[in-house]
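Commentary on secondary and tertiary structure
One-letter residues, chain by chain:
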Amino acid sequence: MNLRSDPLPRAGSAQPAPGGPAENCSRAALFAKAEKLLAKRTAGGDPLARFLKGQLYYEEGLYEEALIQFEKIKDTDFQAMYQLGVMHYDGLGTKEDPEKGVEYMKKILDSDSPKARHLKFAAAYNLGRAYYEGYGVKQSTKEAERLWLIAADHGNPKASVKAQNTLGMLYSASVLKDLKKAFFWHSEACGNGNLESQGALGVMYLYGQGICQNTKAALECLREAAERGNIYAQGHLVEYYYNRKFYSTAAALAKR
């Protein structure tokens, strides 16, 4: 599986509104206004401003500058600690240091602070990724599974939807293969908006994997996923129509 870190769970954008219509400003001008406003808020003692400044740099791909801001507040701001964990694990703005990335994620997962609560599902997902890849810790698929189950939280839409999707993939093609579990987790992730799981569900319905074969449900999932840009679903639809000699339909889908 090709896994990536779960993005920081938060509400809204890191960039404060500059006070004018966005369409009348260039991206660079908006960035400059946001940077200036955050500098003023930082000087005024706003405890959130330094994190927002770091997040502004992070979202613009200015990782070295983001790292500097997050490092200054990592002991008092769990969101900054989370971002540092991702950056050290993935080598963003600094050399890869997966052990340090894992250390930060464990601190968040083990914390009793209410300020860390909204980060725990994502931290558990990222730790599961580390154990699955054996990067920063000793490889353990069982420990990855345990952590992803924590992150997925029984399909809770406010938990890690990425963990729900990843469990679907884990149970589809690994030493833990269990297609009924795979179907369950892809269903949960799809219900929470995951495009990849929607395509996977279509294929499982089509071939009766982990669920009774249901061509109608399969085509509904595959068509909707393909319309949303899922190439995997589009490919299976093309194959389905081609094998049934609906060549014009297959050709039209293939050209999308």
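Note: the structure precedes this text.
What this report covers is the structure whose coordinates are included nearby. (Residues numbered from 1 in each chain as written. Predicted model: local features only at pLDDT ≥ 70, side-chain atom pairs only at ≥ 80, totals over all residues. Heavy atoms only, no water.)

1. So, helix α2 (residues 49–59)
Using the following cut-off: Remark: exposure states derive from per-residue accessible area (1.4 Å probe, protein chains only) relative to the maximum for the residue type, with buried under 20%, exposed over 50%, and partly exposed in between. Helix and strand assignments come from DSSP, with helices taken as H or I runs of at least 4 residues and strands as E runs of at least 2, each series counted from the N terminus. Contacts between residues were defined by any pair of non-hydrogen atoms, one from each residue, lying within 4.5 Å.
Counting buried residues in α2 gives nine out of 11 residues, a clear majority hidden from the surface. Tucked into the core, α2 has its buried residues touching α1 (27–43), α3 (63–73) and α4 (78–90). Backbone geometry just downstream of α2 places glycine 61 in the positive-phi region, at approximately 80°.

2. A look at the nonpolar core
Rules: For this analysis, a nonpolar core means a set of buried residues of the types Ala, Val, Leu, Ile, Met, Phe, Trp, Tyr and Cys, connected via side-chain atoms within 4.5 Å.
In terms of nonpolar packing, the biggest core is built from 68 residues, with Phe51, Phe70, Tyr82, Ile108, Trp148, Leu167 and Leu237 touching the most fellow members. Sort the elements by how many residues they give to this core and α4 lands first, with eight residues. Excluding anything up to four places from it in sequence, leucine 167 contacts Glu145, Trp148, Leu149, Ala152 and Trp185.

3. Thoughts on the state of the cysteines
Short version of the rule: Any two cysteine sulfur atoms within 2.5 Å of one another count as a disulfide.
Taken as a whole, this structure holds zero disulfides when the rule is applied. Left unpaired, cysteine 190 is separated from the closest cysteine sulfur, that of cysteine 221, by 5.6 Å. For cysteine 221, a relative accessible area of 14% corresponds to the buried category.

4. Focus: the environment of methionine 81
Along the chain, methionine 81 falls in helix α4. Judged by its relative accessible area of 9%, methionine 81 falls in the buried class. Sequence separation between methionine 81 and isoleucine 108 is 27 residues; the distance between their C-alpha atoms is 8.0 Å. Once residues within four sequence positions are removed from consideration, methionine 81 is found in contact with Lys74, Tyr104, Lys107 and Ile108.

5. Remarks on empty space enclosed by the protein
Over the atoms rolls a probe the size of a water molecule, and in doing so it shows where empty space is left. Counted only if it meets this: For each structure, a 1 Å grid was placed over the protein atoms alone; sets of points admitting a 1.4 Å probe that cannot get out are labelled cavities, open sets with protein on both sides within 12 Å along at least five of seven lines are labelled pockets, and lining residues have an atom within 4 Å of a point. Grid points are joined across faces, edges and corners, and a volume is the space filled by probe spheres set on the points. Charged residues are taken to be Asp, Glu, Lys and Arg, nonpolar residues to be Ala, Val, Leu, Ile, Met, Phe, Trp, Tyr, Cys and Pro, and polar residues to be all remaining types, Gly included.
Inspection of every chain in the model, using the stated rule, returns one cavity of 30 Å³ or more. A volume near 70 Å³ is recorded for the largest cavity. If you go around the largest cavity, the residues you meet are Ser5, Gly85, Val86, Tyr89, Gly101, Val102, Met105, Asn126, Leu127, Arg129 and Ala130. Where the lining of the largest cavity is concerned, the elements lending two or more residues are α4, α5 (98–110) and α6 (120–133). Here the lining of the largest cavity takes four residues from α6, the largest share from any one element. In terms of residue class, the lining of the largest cavity is built from six nonpolar, four polar and one charged.

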